[in-house]
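Descriptive analysis of the structure
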Amino acid sequence: PRLSLLVHQSVAVCGGQRALLHHRSRRIANCTHLQKTFSSTTTTPAPSSHPVVDVPVYDQQYINGRWTPSDSSKYLTVTNSNNGEHYASVIAGTSQDTTKAIEAASAAKQYWSQTLTLEERKSYMSQFLEAFEKRSGEVTTALQHELGAPYKFARNVQTALLPLHVREYLKIVDEYPWQTVEDTSLVVREPIGVVGAITPWNWPLNQIAVKLAPALLAGCTMVLKPSEVSPINAYLITQAIDEANLPPGVFNMVCGTGPDVGEVLATHPRVDMVSFTGSTAVGRHLHSLGAQTIKRVRSELGGKSAAIVLEDATDKQIRMVAMDVLQNTGQSCNALSRLLVPAAQYVAVCDMVKEIYESVRLVDARDETSGRDDIGPLASQEQLDKVRRYINVGIKEDGATLLAGGSDLVGDETVDPRGFFVRPTL
């Protein structure tokens, strides 16, 4: 039955599962300066009391429209994926930092959503986009180090996704049905309020963009918690936000661990919604925490996708599927990491994929001559250990036959052995 006589809340369509609005249905008949994810699948690096000298140090959070000293004295280590060296130190934010950011976002939501018009919010987002694109080269460089994304992939895919998404949201927001009449009901879509955005390390800019752009355009305010594995790109995004002069409190960023930042976002009563991308285990935990204050938690979690090869599949199609899993060095929730083939074609497909994988080149992500099909290192030591463990489990415990790749780099002198490299493995 239609809920025409009740106050009804449900998630709006805008932005798919990342929707940042709610419906209100009612009957209408008769009526400082910056100095030099809760990871999806990666354990939080242990904070240290002192940053390492001679590396960039990011020692502030962005709260209420300005760079703000943290309550913390501990730092998180960001590692260069290409050689395992210390790349940067990032302040480990505290629950106090997070609470300050939430209070700032809560104080700003009335002005941002009610006083300003949609056109004014669009203008701010356009200024942010312009400021970000001036920093795109710095973002690409950061991704080559903290994520291990090869130069062309970091520039043409990872970095390019943020302006792509922002431009698209700027186009479609004018067409969004903020009010619709359904029989005797008027459905009004309004900003949900303060959004806590928790983003992963593997597609950092993409996931920040698809949370930030629709949230701010809709009139929500935000506290971003980027992954502590790859946080430097988030600092550069926040620099662009700062340059765009958004009103204080509209956007806030606190970098830190899950217990100190992510769990506060999930439990704080002034956070109206949490949008999370990451592992199923963390997503389940966040949903449990969010239930304590009856807030909405929207999660995009990991998976283990299979590609099904039918009998009429062409060699070109099989190659496309085999290479798809290697995009972003296999670090994607939608990577087609299992291949199901007809029994009669099993040997032929195995031989084809084996030949493809043996032709793939491992490259230092900083090598600007790398090609489209070259792959860089994994993002972290933990990811390296995990992938190696799964390879060995498959061989030693599950009886799989290793046809290509493997868990070591013996004889491969093209990359730094201290880096987090694994060959494409079948």
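Since the model is a prediction, treat every value here as computed from it, not as a measurement. (Residues numbered from 1 in each chain as written. Predicted model: local features only at pLDDT ≥ 70, side-chain atom pairs only at ≥ 80, totals over all residues. Heavy atoms only, no water.)

A short note on the environment of Tyr357
Secondary-structure assignment places Tyr357 in helix α10 (residues 346-359). Since its relative accessible area comes to 8%, Tyr357 is described here as buried. The spatial distance from the C-alpha of Tyr357 to the C-alpha of Asp373 is 10.0 Å, given a sequence separation of 16 residues. Those residues in contact with Tyr357 that lie beyond four places of it in its chain are Ala322, Val325, Leu326, Ala404, Pro424, Thr425 and Leu426. Among the polar contacts made by the side chain of Tyr357, one reaches the main-chain carbonyl oxygen of Ala322 at a distance of 2.8 Å. (Helix = DSSP H or I, 4+ residues; strand = E, 2+ residues; numbered from the N terminus. Buried < 20%, exposed > 50% of the residue type's maximum accessible area, 1.4 Å probe, protein only. Contact = heavy atoms within 4.5 Å. Polar contact = N/O pair within 3.5 Å; in protein donor to acceptor, adjacent residues only side chain to side chain.)

Quick word on the packing of helix α2 (residues 118-133) against helix α5 (residues 204-218)
At a minimum axis separation of 9 Å, α2 and α5 run at an interaxial angle of 155°. Between α2 and α5, the angle is such that the two are roughly antiparallel. For the pair α2 and α5, the contacting residues are Leu118, Arg121, Lys122, Met125, Phe128 and Phe132 in the first and Leu205, Leu212, Ala213, Leu216, Leu217 and Ala218 in the second. Of the residues assigned to the contact of α2 with α5, the class counts are ten nonpolar, no polar and two charged. (Axes fitted to C-alpha atoms, helices over the stretch in contact; angles between N-to-C directions. Parallel < 35°, antiparallel > 145°, perpendicular 65-115°, else oblique. Nonpolar A, V, L, I, M, F, W, Y, C, P; charged D, E, K, R; others polar.)

Comments concerning the pairing of strand β9 (residues 194-198)
Among the five residues in β9, five count as buried, and that is most of the element. Side chains Val194, Gly196 and Ile198 project from β9 onto one buried face, and the interleaved Val195 and Ala197 project onto a second face that is buried too.

As for a nonpolar patch on the surface
A contiguous nonpolar patch, built from Ile308, Leu310 and Leu340 and spanning about 320 Å² of accessible area, is present on the exposed surface. Along the chain, Leu340 turns up in strand β15 (residues 336-340). Judged by its relative accessible area of 42%, Leu340 is partly exposed. (Patch = residues over 30% accessible without salt bridge, like charges linked within 9 Å, V, L, I, M, F, W, Y side chains within 5 Å. Areas by Shrake-Rupley, 256 points an atom, 1.4 Å probe, with all protein chains shown as cover. Salt bridge = Lys/Arg side-chain N within 4 Å of Asp/Glu carboxyl O.)

As for the pattern of salt bridges
What the rule picks out here adds up to 14 salt bridges. The closest approach of N and O atoms between Glu243 and Lys134, which form a salt bridge, is 2.4 Å. In this pair, Glu243 sits in helix α6 (residues 232-243) while Lys134 sits in the loop between α2 and α3 (136-146), placing the two residues 109 residues apart along the sequence. Residue Glu243 is classed as partly exposed on the basis of its relative accessible area, which comes to 34%. The network of salt bridges with common partners includes Glu85, Asp416 and Arg418.

Re the packing of helix α4 (residues 151-172) against α5
Where α4 contacts α5, the two axes come as close as 8 Å, and the packing angle between them is 20°. Taken together, the axis directions place α4 and α5 in an arrangement best described as roughly parallel. For the crossing formed where α4 meets α5, the hand is right-handed. Touching Gln158, Thr159, Leu161, Leu162, His165, Val166, Tyr169 and Leu170 of α4 are Pro204, Leu205, Asn206, Ala209, Val210, Ala213, Pro214 and Leu217, all from α5. (Left-handed = near helix turned anticlockwise from the far one by under 90°.)

Examining the environment of Cys333
Turning to its location among the elements, Cys333 is positioned in the loop between α9 (315-324) and β15. Remark: the alpha-carbon pair of Cys333 and Gly302, spanning 31 residues in sequence, is separated by 5.0 Å. The contacts of Cys333, once residues within four sequence positions are left out, are Asn202, Glu300, Leu301, Gly302, Gly303 and Ser305.

Observations regarding unusual backbone geometry
At Asn64, a position not held by glycine, the phi torsion is positive, near 60°. Looking at the secondary structure, you find Asn64 in the loop between β3 (60-63) and β4 (66-69). With a phi angle near 55°, Thr329 is a residue other than glycine that sits in the positive phi range. Tracing the sequence through the fold places Thr329 in the loop between α9 and β15. Overall, the relative accessible area of 14% leaves Thr329 in the buried class.

Comments concerning the confidence of the model for the protein
In this model, the protein carries a mean pLDDT of 88, and residues with pLDDT of at least 70 account for 87%. Low pLDDT, under 50, characterises residues 1-43; the stretch is placed with 146 contacts to residues that sit more than four places away or in other chains. (pLDDT = per-residue confidence, 0-100.)

Remarks on α5
Across its 15 residues, α5 extends 22 Å between first and last C-alpha, which sits within 8% of the 21 Å expected from 1.5 Å per residue. Judged by how many residues are buried, α5 sits mostly within the fold: 15 of 15 residues are covered. Note on α5: the residue one or two positions beyond its end, Gly219, has a positive phi of about 110°. (Expected span 1.5 Å × (residues − 1).)

A few points about the nonpolar core
Within the largest apolar cluster, 64 residues are counted, with the highest numbers of intra-cluster contacts made by Met125, Phe128 and Leu212. Among the elements that take part in this core, α5 stands out by supplying nine residues, more than any other. Excluding its chain neighbours within four sequence positions, the residues that come into contact with Phe128 are Leu162, Val166, Leu212, Ile237, Ala240, Ile241 and Ala244. Within the second largest apolar cluster, 20 residues are counted, among which are Ile63, Ile102, Val282 and Val297. (Core = buried A, V, L, I, M, F, W, Y, C linked by side-chain atoms within 4.5 Å.)

Things to note about helix α8 (residues 280-290)
Spacing of three or four residues puts side chains on the same side of an α-helix, whose turn is 3.6 residues. Of all the residues in α8, the buried ones are Val282, Gly283, Leu286, Leu289 and Gly290. One face of α8 carries all of its buried residues, which in axial projection span an arc of 125°. Opposite the packed face of α8, turned more than 90 degrees from it, sit the exposed residues Ala281 and Arg284. Looking at the buried residues of α8, the elements they touch are β9, α7 (258-267), β12 (273-278) and β13 (296-301). (Arc of directions from axis to C-beta.)

Some remarks on the packing of aromatic side chains
All chains considered together, the criterion is met by eight aromatic pairs. Here Tyr62 and Phe251 contribute two aromatic rings whose centre-to-centre distance is 6.5 Å and whose plane-to-plane angle is 40°, an arrangement assigned as tilted. With Tyr62 in strand β3 and Phe251 in strand β11 (residues 251-253), the pair connects residues that are 189 residues apart, well separated along the chain. Given a relative accessible area of 3%, Tyr62 falls into the buried group. Relative accessible area serves as the criterion here: at 2%, Phe251 is assigned to the buried category. Considering the side-chain rings of Phe128 and Phe132, the 6.4 Å spacing of their centres and the 45° angle between planes classify their relative orientation as tilted. Here Phe128 and its partner Phe132 are both found in helix α2, four residues apart, which amounts to about one turn of the helix. The pair Phe128 / Phe132 is uniform in exposure class, with both members buried. Counting every residue linked through ring pairs, the aromatic cluster contains Tyr58, Tyr62, Trp67, Tyr235 and Phe251. One Lys or Arg, Arg389, reaches over the ring of Tyr390 and ends 5.7 Å from the middle of that ring. (Phe/Tyr/Trp six-rings, centres within 6.5 Å; stacked < 30°, edge-to-face > 60°. Lys NZ or Arg CZ within 6 Å of the ring centre and 35° of its normal.)

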